[in-house]
Amino acid sequence: MPSTHHTKVLIIGAGPAGYTAAIYAARANLQPLMVQGMQPGGQLMITTDVENYPGFADPIQGPWLMEQMQKQAEHVGTKMVFDLITDVDFSQRPFVCKGDSGDTYTADSVVIATGAQARWLGISSEEIYRGFGVSACATCDGFFFRGKEVAVIGGGNSAVEEALYLTNHASKVTVIHRRDSFRAERIMQDRLFRNPKIEVVWDSVVEEIVGEGDGSLGNPRGVTGVRVKNVKSGEERVIPVAGVFVAIGHVPATAVFQGKVETDSEGYIVTAPDSTATNVPGVFAAGDVKDKVYRQAVTAAGMGCMAALEAERWLAHHAGEPSPAGNW
């Protein structure tokens, strides 16, 4: 039978932002409830070596880090629920959220931490080598390609930023773009064109990511190149690279919140300056669901901390008040 659960702080989403919010909220004795969604742990669950999360001298595995965060959140008192929020009503308090299970979750405050997903190419070989040479985060994984040749797919600001960053590690960066001009800001394009390590392949799409190894012991899986097709001539060729960075944008997981909180033209939740507060009092957003600039585990965790602290203060001052949705 469907049931109703009430909490002072409902955390929607289970990644670095959500788990950190849960840890801080639980330590504030707010007895948070976390609805984990379909992929607890978020993008770090498909990340292998993590070398840039503070506190670990040696590389750690993304899934292990998320497992530790979950255990810590549970240890300090967070209740975990494996469910998916499919509808929300932020027009009244307590806020009402419906789960795919049929259960209803009511809350005095809500932290949205559903994250974002990289937009992928959608080819089968990309799936095979994801985490084994295929990445969507140069800041996370560029270090592993020191002295090697890599490719960046895309033509917007993200692709140009990734390419420029990768020149700090790679011996050569090939940018593959399906059009004959970039959409990136002119100043960034100028930096890219001036960089001797970067070559641009125009009017081309990636047909296949080429690699070797089956992932078995002694036969590790790895990328050896990309097969590209010129969209004007139809000519195909293989460009030898050791790594492929897909930079064609991210998609925030905000479909269920559209029309319920303010979002921008790309679907990211808008928050007040230097805050995680949305335009609905008592509803906060943290991590990649609102961050299109940094998109790092450590910044998401920091925002999760902010959201919990802001929720605690908001509850102390406003709990029990009537609930028409308002503005900042």
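Everything that follows concerns the structure shown earlier in this document.
The rules behind the values
Residues numbered from 1 in each chain as written. Predicted model: local features only at pLDDT ≥ 70, side-chain atom pairs only at ≥ 80, totals over all residues. Heavy atoms only, no water. Helix = DSSP H or I, 4+ residues; strand = E, 2+ residues; numbered from the N terminus. Rg over C-alpha atoms; globule rule 2.2 N^0.38 Å. Buried < 20%, exposed > 50% of the residue type's maximum accessible area, 1.4 Å probe, protein only. Phe/Tyr/Trp six-rings, centres within 6.5 Å; stacked < 30°, edge-to-face > 60°. Lys NZ or Arg CZ within 6 Å of the ring centre and 35° of its normal. Salt bridge = Lys/Arg side-chain N within 4 Å of Asp/Glu carboxyl O. Pairing = 2+ DSSP bridges. Axes fitted to C-alpha atoms, helices over the stretch in contact; angles between N-to-C directions. Core = buried A, V, L, I, M, F, W, Y, C linked by side-chain atoms within 4.5 Å. Contact = heavy atoms within 4.5 Å. Lys, Arg positive; Asp, Glu negative; His and termini not counted.

Colleague: Got a minute to help me understand the overall build of the chain in this structure?
Modeller: Counting secondary structure elements, the chain contains seven helices and 19 strands. Whereas a compact globule of 328 residues would reach a radius of gyration of roughly 20 Å, the chain reaches 22 Å, a difference of no more than 12%. Once the C-alpha set of the chain is aligned to its principal axes, its extents read approximately 65 × 45 × 40 Å. When the 328 residues of the chain are sorted by exposure, 49% land in the buried category.

Colleague: Explanation requested: the packing of aromatic side chains in the structure shown.
Modeller: Note on aromatic pairs: each is described by the distance of the centres and the angle between the planes. Under the counting rule described, the total for this entry stands at nine aromatic pairs. Look at tyrosine 53 and phenylalanine 56: their rings are 6.5 Å apart centre to centre, the planes differ by 40°, and that puts the pair in the tilted class. A relative accessible area of 16% means that tyrosine 53 is categorised as buried. Between phenylalanine 90 and phenylalanine 257 the ring centres are 6.4 Å apart and the planes differ by 10°, which places this aromatic pair in the stacked class. On the criterion of sequence distance, the pair formed by phenylalanine 90 in the loop between strand 6 (85–89) and strand 7 (95–99) and phenylalanine 257 in the loop between strand 18 (250–252) and strand 19 (283–285) is long-range, its members being 167 residues apart. Residue phenylalanine 90 shares its accessibility class with phenylalanine 257, and that shared class is buried. Ring-pair connections join several aromatic residues into one group, and the members of that group are Tyr53, Phe56 and Trp64. One cation-aromatic arrangement involves arginine 221 over phenylalanine 132; the distance from NZ or CZ to the ring centre is 5.3 Å.

Colleague: Help me understand the pattern of salt bridges, please; the structure alone is not making it clear to me.
Modeller: Opposite charge on two side chains permits pairing when their charged atoms draw close. Applying the stated rule across the entire model yields 10 salt bridges. Across the pair glutamate 127 and arginine 130 runs a salt bridge, and its minimum N-O distance is 3.6 Å. By relative accessible area, which is 21% here, arginine 130 ends up partly exposed. As a salt-bridge pair, aspartate 180 and lysine 232 come within 3.7 Å of each other at their nearest N and O atoms. With aspartate 180 in the loop between strand 12 (172–176) and helix 6 (186–194) and lysine 232 in the loop between strand 15 (222–230) and strand 16 (236–240), this residue pair connects regions lying 52 residues apart in the sequence.

Colleague: Would you take a moment to explain the sheet that holds strand 16 for this structure?
Modeller: Backbone hydrogen bonds hold the strands of a sheet together, and the pairing may be parallel or antiparallel. Taken together, three strands build an open sheet; the order of strands is 14-15-16 and the sheet is antiparallel. Of all the strands in the sheet, the pair left with one neighbour each is strand 14 (204–212) and strand 16. With strand direction ignored, the average angle separating the axes of adjacent strands in the sheet is 30°.

Colleague: Whenever I open this one, the nonpolar core confuses me. Can you help?
Modeller: Nonpolar side chains in soluble globular proteins tend to end up buried together. Membership of the largest hydrophobic core comes to 33 residues, with the highest contact counts inside it found for Ile11, Tyr19, Met34, Leu65, Val111 and Phe284. Mapped by element, the contributors of at least two residues to this core are strand 1 (4–12), helix 1 (16–27), helix 2 (62–75) and helix 7 (297–318). The element contributing the most residues to this core is helix 7, with eight residues. Aside from chain neighbours lying at most four places away, what touches tyrosine 19 is Ala14, Met34, Gln36, Pro40, Gly41, Met66, Met69, Gln70, Ala73 and Met80.

Colleague: What is the right way to look at the side chain of arginine 295 in this model?
Modeller: The topology assignment puts arginine 295 in the loop between strand 19 and helix 7. Of the side chains with opposite charge, aspartate 288 lies nearest to the buried arginine 295, which makes no salt bridge, at 5.7 Å. Excluding residues that lie within four positions of it along the chain, arginine 295 makes contacts with Ser158, His250, Tyr268 and Asp288.

Colleague: Looking at this structure, I do not really get the side chain of histidine 5. What am I missing?
Modeller: With respect to the helices, strands and loops of the structure, histidine 5 is situated in strand 1. Excluding its chain neighbours within four sequence positions, the residues that come into contact with histidine 5 are Leu33, Lys79, Asp103, Thr104, Tyr105 and Thr106.

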